[in-house]
Protein chains: 2
Amino acid sequence: METFPITFDDVRFAAENLAGVAHRTPIHSSRSLDARSGCRVFLKCEQFQRGGAFKFRGAYNAISRLSAEERARGIVAFSSGNHAQGVALAARILGVPAVICMPDDAPGVKLAATREYGAEVLIYTRTAVDREQFARAVAEERGLTIIPPYDHPHIIAGQGTAALELLTDQPDLDALVCPIGGGGLIAGCAVAAKGLKPDIRIFGVETEGADDVRQSLRAGKRVSISPPTTIADGIRTTAPGRLTFPIIQQYVEDVLLVSDEQVVETMRYLLLRLKLLVEPTGAVALAAMMAGALPADCRRVGVLLSGGNIDPALLAKLW
Amino acid sequence: METFPITFDDVRFAAENLAGVAHRTPIHSSRSLDARSGCRVFLKCEQFQRGGAFKFRGAYNAISRLSAEERARGIVAFSSGNHAQGVALAARILGVPAVICMPDDAPGVKLAATREYGAEVLIYTRTAVDREQFARAVAEERGLTIIPPYDHPHIIAGQGTAALELLTDQPDLDALVCPIGGGGLIAGCAVAAKGLKPDIRIFGVETEGADDVRQSLRAGKRVSISPPTTIADGIRTTAPGRLTFPIIQQYVEDVLLVSDEQVVETMRYLLLRLKLLVEPTGAVALAAMMAGALPADCRRVGVLLSGGNIDPALLAKLW
């Protein structure tokens, strides 16, 4: 039997590690939102985290835990999204050389942002190469340490600090709602939230067609799906992680589904009414709430807005 | 000789009045912004104020100070913008009937938001009717009290609470930068800031062509200009207020000018990098900072982001 991937103490340790480096992100609330949703909603605003998403938390925690020798040799990560920027920024702060492998169809703004943080970007042809194999070959050739996007104890523990902060500021929550991609954020947040408040209810949210975790939970084992086409690019994963899944099984009560249309409507609402910019994945958890998908007895609900790194071209198309 | 329109105590009294009703808006800072501007910048985020702009502060303070009889009869305001929403929301909270006179070319979203707050909206033909005369006629006919957009001691004192909060949270500021429309915000903020820190330097910002206050300061008296066409609709006033101008003369070191293009560039930067949505007027003060218009020895600068009520059609055109 495997041991459980991380404990509450790992999250607390990560929080000490991140103190003074990561932002303690603000929690926004709104009377208009409360009236619309029928409960008290607390939005944990990770779009205001360094790098524009929660990813910096895990990346910094993981890189800072490497040995001096590993840090001197450098790290490599594969991502076309927020993990790339989180790793690049954390590596720069820690003075660690970073290589980021990105697909040839990654948006120009993400390439530019990753390079701006000082990382070397290696482009691979998405249709021709498996990204993990590509990164592994680069790592081996150059002696670099791979920083995976979610399936690593230090990554999971780092992401959990978002919920640690939220529950410290708002201890009376009944429920926590969180988007699920590979599961790093919800797994870490579940460990943190259950550690502080054992009776809190944890809900994950995926978009329709990107429901690998929901299917896996129902099947009782990790299920793989075809690459989904949802607007929420952060949850286009095809299977939950090997380490994140047992945590999700233990702690997550249910995985709710929302449509891309509900995600877009929620992004519009957040931006025009609450003046909060989120990327599609960042709106997924609130979309489930606003669709009334949560059990009616959840009265005080924490909602993770996971990030705000939106492609300007998409932003222009929202109206 | 006239007495000075408001004192620091008026702002403190307004703050007590607003406690628990207005939001204490957050202050955002950013390493990227500090690096770009070469100083420490503290953004006072009034887009997160109730009603989406600082206007709620003054409106609530003014309406709450009316007599029971005046409140029972109701109030009237003329505005196509944030003052309308601030007044409508404050009136609803205080249970005061509100009439808002809006021009026939006001954006549909602003009409809808004002009605949503429960106000009666009276439409007048902008080209045919003077809005002040129209409001005065309505007030007289129905026995309503006019809540003016800026030229009233309780309005000015209410707006000043934004700077009171900023300087309380960040007492070590060298300078405060603030957009100027009719002057209510900068006048109130100047009184508050100078009251807390007499050596703080106050700068106003207007857009090119909307420089009535800059011209007035140079002329030593209130100067009227033709209606300006700037993108920053909150500063399309043609002259400073009778009450706000002497405060500006006493406390404001200089009025800086920015172009509409600089405003748009700053809005894009705020949204994409800092994930902060502001309307054009909300970006004006930061635009001056980023253009390097501030004296070089201002090292710790407070910047008022005045509001975030942007027309979705304009938002779509920013990219």
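Residues numbered from 1 in each chain as written. Chains lettered and ligands numbered in written order. Predicted model: local features only at pLDDT ≥ 70, side-chain atom pairs only at ≥ 80, totals over all residues. Heavy atoms only, no water.

### With respect to helix α7 (residues 131-142) of chain B
All names here are of chain B.
- Helix length check: α7 (twelve residues) gives 16 Å between terminal C-alpha atoms against 16 Å at 1.5 Å per residue, within 8%.
- Looking at α7, one finds that the buried residues are A135, V138 and A139. Buried residues of α7 fall within an arc of 100 degrees about the axis and therefore sit on the same side. Pointing more than 90 degrees away from the buried face of α7 are the exposed residues Q133, E140 and E141.
- Here the buried face of α7 lies against β3 (75-78), β4 (98-103), β5 (120-124) and β6 (145-146).
- The N-capping residue of α7, defined by a side-chain oxygen 3.1 Å from the backbone nitrogen of E132, is D130. (Helix = DSSP H or I, 4+ residues; strand = E, 2+ residues; numbered from the N terminus. Expected span 1.5 Å × (residues − 1). Buried < 20%, exposed > 50% of the residue type's maximum accessible area, 1.4 Å probe, protein only. Arc of directions from axis to C-beta. Contact = heavy atoms within 4.5 Å. Polar contact = N/O pair within 3.5 Å; in protein donor to acceptor, adjacent residues only side chain to side chain.)

### Here's the deal with the packing of aromatic side chains
All names here are of chain A.
- Enumeration according to the criterion identifies six aromatic pairs over all chains in this entry.
- When the ring of F56 is compared with that of Y60, the centres are 5.7 Å apart and the planes differ by 40 degrees; the resulting orientation is tilted. With F56 and Y60 both in helix α3 (residues 55-64), this residue pair falls four residues apart, about one helical turn.
- Judged by centre distance (5.3 Å) and plane angle (40 degrees), the ring pair of Y124 and F134 falls under tilted. On the criterion of sequence distance, the pair formed by Y124 in strand β5 (residues 120-124) and F134 in helix α7 (residues 131-142) is long-range, its members being ten residues apart.
- Exposure remark for Y124: the relative accessible area of 4% places this residue in the buried category.
- Assessed through its relative accessible area of 22%, F134 is described here as partly exposed. (Phe/Tyr/Trp six-rings, centres within 6.5 Å; stacked < 30°, edge-to-face > 60°.)

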